[in-house]
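Report on the structure
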Amino acid sequence: MATEARDPIPPFPAGFLWGVSTSAHQIEGAADLRTPSVWDTFTAGPGRVKDGSTAAVACDHYHRYREDVALLAGLGVDAYRFSVSWPRVLADGGLGFYDRLVDELCAAGIRPVPTLFHWDLPAGLDWLERDTAARFAEHVSVVAGRLGDRVDKWITLNEPAEHTLLGHALGVHAPGRQLLFDALPVAHHQLLAHGLAVRALRAAGAADIGIANSHGPTWPASKEQADVEAADLYDLLLNRLFADPLLLGAYPDGLGELMPGDVPADLKIISEPLDWYGVNYYAPARVGAPQGTETSFGGVRMPAELPFSLREIEGVPTTAFGWPVVPEGLTELLTGFHDRYGDRLPPVVVTENGCSYDGLDDQARITYLDGHLRALHRAVEAGVDVRGYFVWSLLDNFEWAEGYTQRFGLVHVDPETQERTPKASYTWFADMLGQQRL
Ligand code: BGC
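Here's what I pulled together on the structure shown here. (Residues numbered from 1 in each chain as written. Predicted model: local features only at pLDDT ≥ 70, side-chain atom pairs only at ≥ 80, totals over all residues. Heavy atoms only, no water.)

1. Notes on the nonpolar core
If you look at soluble globular proteins, the nonpolar side chains tend to sit buried side by side. Ranked by size, the top nonpolar core spans 138 residues in total, and within it Phe136, Tyr277, Leu334, Leu376, Tyr389 and Phe429 carry the most contacts. The biggest single contributor to this core is helix 9 (residues 225-248), with 11 residues. Among residues more than four places away in sequence, those in contact with Tyr389 are Phe16, Leu17, Trp18, Gly19, Val349, Val350, Asn353, Leu369, Leu373, Leu376 and Phe429. Counting residues in each nonpolar core, the second largest holds 8 residues, with Ile155, Ala212, Trp276 and Phe390 among its members. (Core = buried A, V, L, I, M, F, W, Y, C linked by side-chain atoms within 4.5 Å. Buried < 20%, exposed > 50% of the residue type's maximum accessible area, 1.4 Å probe, protein only. Helix = DSSP H or I, 4+ residues; strand = E, 2+ residues; numbered from the N terminus. Contact = heavy atoms within 4.5 Å.)

As structure tokens, then:
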């Protein structure tokens, strides 16, 4: 597996945090040792997951976490972002797993960075209900009380935007609702849950708290007014709806009027100051006016009645998932955030970035990561305070509605035998980290 020689990636600032990310439902398995989640209910339905698979065993990380921490140590990362499964915490003895994982990480000199919610809501709870936010804050207090002596860096939620859009507006993820714009309360309740979680974490003594939000630049399909307006709406829903309340304490463009509850009071909670802001970046979107027919983007069908349509970005490579590879989108996104939010934007950490490709000699993944790290460095040079970068993902895993068909890992996992095999990108990333530390 010869990897093409490239110029070294320019050095990132001292103290830069290098890591990889995973999530509980996608890797842990051991479904019998936790309570059910909305994802268990969802995947049990017909035709929900492409290969008909479930995450009941996934990468069996629950039983193989020692082997996986050894892979992290071999990679040489500073930090590991994983998620704490709320349904597991609700099961007798469930928190014990995270005790053991955190101990193993600390013994290996790897900083644990838990995400407190990554889409696996306990079955029976519902983000349409305001009370779910309060229940989440209780979950956060329990976890922080148990792990807070060894964990100092926390992430409240993963991608409330995707969870709202895919899970509640379009119905391609759990819980499978197709509410379109009636899903907006789900966004508000998750943001409220985030704010309450920040308060709960601070009450437990934590002082290094962020969120992992998915963002990407939105490009109008043309200069026509209808395309520009459609792209602006998409940008509003994906980017500003989730960043403005957190960073500016206000909903953009009158969206607050559509939200439930005492919105001004909730916004005070939602905008609790953050120590850092996590960005998950995969690709930009090219958006135009509706075309009167269903469109498809990255495997997701967009109904004709939406007031926008997603278009192909021409002339760029695509991943196995069909997602466009546009590293400069990361520079554009971060410099755009820096311009829009100014001093209100805390230091940024890229909490996810990665791609799906097949095979052990995954040169295309190396090209993707190399390009995005250079693009990230350009954002640093342009004045954005970036403090860390996490690759999605350590292992090939249960890629939600795609089952095991999309492979984002630096390490190949055979779903039948559970054998782990580091790919060419694993070696490349380890070497890159070595160079950064020279
Ligand atoms: C999610 C991950 C997912 C990845 C690739 C992100 O939206 O946080 O759980 O596997 O993208 O689709």
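2. Quick word on the packing of aromatic side chains
Within this structure, the stated rule accounts for 29 aromatic pairs. Measuring from centroid to centroid gives 5.2 Å for Phe337 and Tyr341, while their planes differ by 55 degrees, and the two rings are tilted. On the criterion of helical spacing, the pair formed by Phe337 and Tyr341 is a turn pair, its members being 4 residues apart in helix 11 (residues 328-341). Exposure class is identical for Phe337 and Tyr341. Each is buried. With a centroid separation of 6.4 Å and an interplanar angle of 40 degrees, the aromatic rings of Trp428 and Phe429 are classed as tilted. (Phe/Tyr/Trp six-rings, centres within 6.5 Å; stacked < 30°, edge-to-face > 60°.)

3. Some details on the environment of Gln436
Within the secondary structure, Gln436 is located in helix 13 (residues 424-436). With a relative accessible area of 15%, Gln436 lands in the buried category. C-alpha of Gln436 to C-alpha of Pro13: the two residues are 423 residues apart in sequence and 9.5 Å apart in space. Within polar-contact distance, the side chain of Gln436 engages the backbone nitrogen of Phe12 at 2.9 Å. (Polar contact = N/O pair within 3.5 Å; in protein donor to acceptor, adjacent residues only side chain to side chain.)

4. Some points on the site of the ligand
In the neighbourhood of the ligand, the contacting residues comprise Gln26, His118, Trp119, Asn158, Glu159, Tyr282, Trp323, Glu352, Trp392, Glu399, Trp400 and Phe408. Measuring from an oxygen atom of the ligand, one finds a side-chain N or O atom of Glu159 at 2.5 Å. At a separation of 3.2 Å, an oxygen atom of the ligand approaches a polar side-chain atom of Trp392. For the ligand, whose unbound accessible area comes to 310 Å², protein coverage reaches 94%. (Near = heavy atom within 4 Å. Areas by Shrake-Rupley, 256 points an atom, 1.4 Å probe, with all protein chains shown as cover.)

5. Observations regarding the pairing of strand 7 (residues 277-280)
For a regular strand, side-chain orientation follows a simple rule: the groups alternate between the two sheet faces. A two-sided burial pattern is seen for strand 7, the buried positions comprising Tyr277 and Val279 on one face and Gly278 and Asn280 on the other. Summarising the sheet, strand 7 and strand 12 (residues 348-352) pair through 4 bridges and their orientation is parallel. Each residue of the ladder has a partner; that of Gly278, found in strand 12, is Val349. (Pairing = 2+ DSSP bridges.)

6. So, the pattern of salt bridges
Throughout the structure, instances matching the rule amount to 30 salt bridges. Across the pair Glu104 and Arg66 runs a salt bridge whose closest N-O atoms are separated by 3.6 Å. Of the two residues, Glu104 is situated in helix 5 (residues 94-107) and Arg66 in helix 3 (residues 61-75); the sequence distance between them amounts to 38 residues. In this structure Glu104 comes out as partly exposed when scored by relative accessible area, which is 25%. Between Glu352 and Arg81 there is a salt bridge, with its nearest N and O atoms 3.0 Å apart. Here Glu352, found in strand 12, pairs with Arg81, found in strand 2 (residues 79-83); they are 271 residues apart in sequence, far enough to count as distant. Across the pair, Arg81 and Glu352 agree in class, each one buried. Each member of the salt-bridge network shares a partner with another, and the members are Asp99, Asp103, Arg146, Asp149 and Arg150. (Salt bridge = Lys/Arg side-chain N within 4 Å of Asp/Glu carboxyl O.)

7. Structural notes on the packing of helix 6 (residues 131-147) against helix 8 (residues 184-203)
In contact at an axis separation of 8 Å, helix 6 and helix 8 are set at 30 degrees when each is read in the N-to-C sense. One way to sum up the angle between helix 6 and helix 8 is to call them roughly parallel. Relative to helix 8, the crossing made by helix 6 is right-handed. Note on element contacts: helix 8 touches helix 6 through His189, Leu192, Ala193, Leu196, Ala197, Ala200 and Leu201, opposite Ala133, Ala134, Phe136, Ala137, Val140, Ser141 and Ala144. Looking at the contact of helix 6 with helix 8, its residues break down into 12 nonpolar, 2 polar and no charged. (Axes fitted to C-alpha atoms, helices over the stretch in contact; angles between N-to-C directions. Parallel < 35°, antiparallel > 145°, perpendicular 65-115°, else oblique. Left-handed = near helix turned anticlockwise from the far one by under 90°. Nonpolar A, V, L, I, M, F, W, Y, C, P; charged D, E, K, R; others polar.)

8. Overview of the side chain of Asn239
Assignment of secondary structure puts Asn239 in helix 9. You can call Asn239 buried: its relative accessible area is 4%. There is a polar contact of 2.6 Å between the side chain of Asn239 and the side chain of Asp235. Sequence-distant contacts of Asn239, defined by excluding residues within four places in its chain, comprise Ser214, His215, Gly216 and Thr218.

9. Quick word on the state of the cysteines
Scanning the model with the defined rule gives 0 disulfides in all. With no disulfide partner, Cys355 has as its closest neighbouring cysteine sulfur the one in Cys59, 17 Å distant. On the basis of relative accessible area, Cys355 is assigned to the buried category, the value being 1%. (Disulfide = S-S within 2.5 Å.)

10. As for the sheet that holds strand 6 (residues 218-220)
Taken in spatial order, the 3 strands make up an open sheet running 6-8-11, and their pairing is mixed. Of all the strands in the sheet, just strand 6 and strand 11 (309-311) have a single pairing partner and so form its edges. In this sheet, neighbouring strand axes are inclined to one another by 45 degrees on average, regardless of whether the strands run parallel or antiparallel. Where strand 8 (residues 285-288) meets strand 11, 3 bridges bridge the pair, whose relative direction is antiparallel. Within strand 11, the residue paired with Arg286 across the bridge is Arg311.

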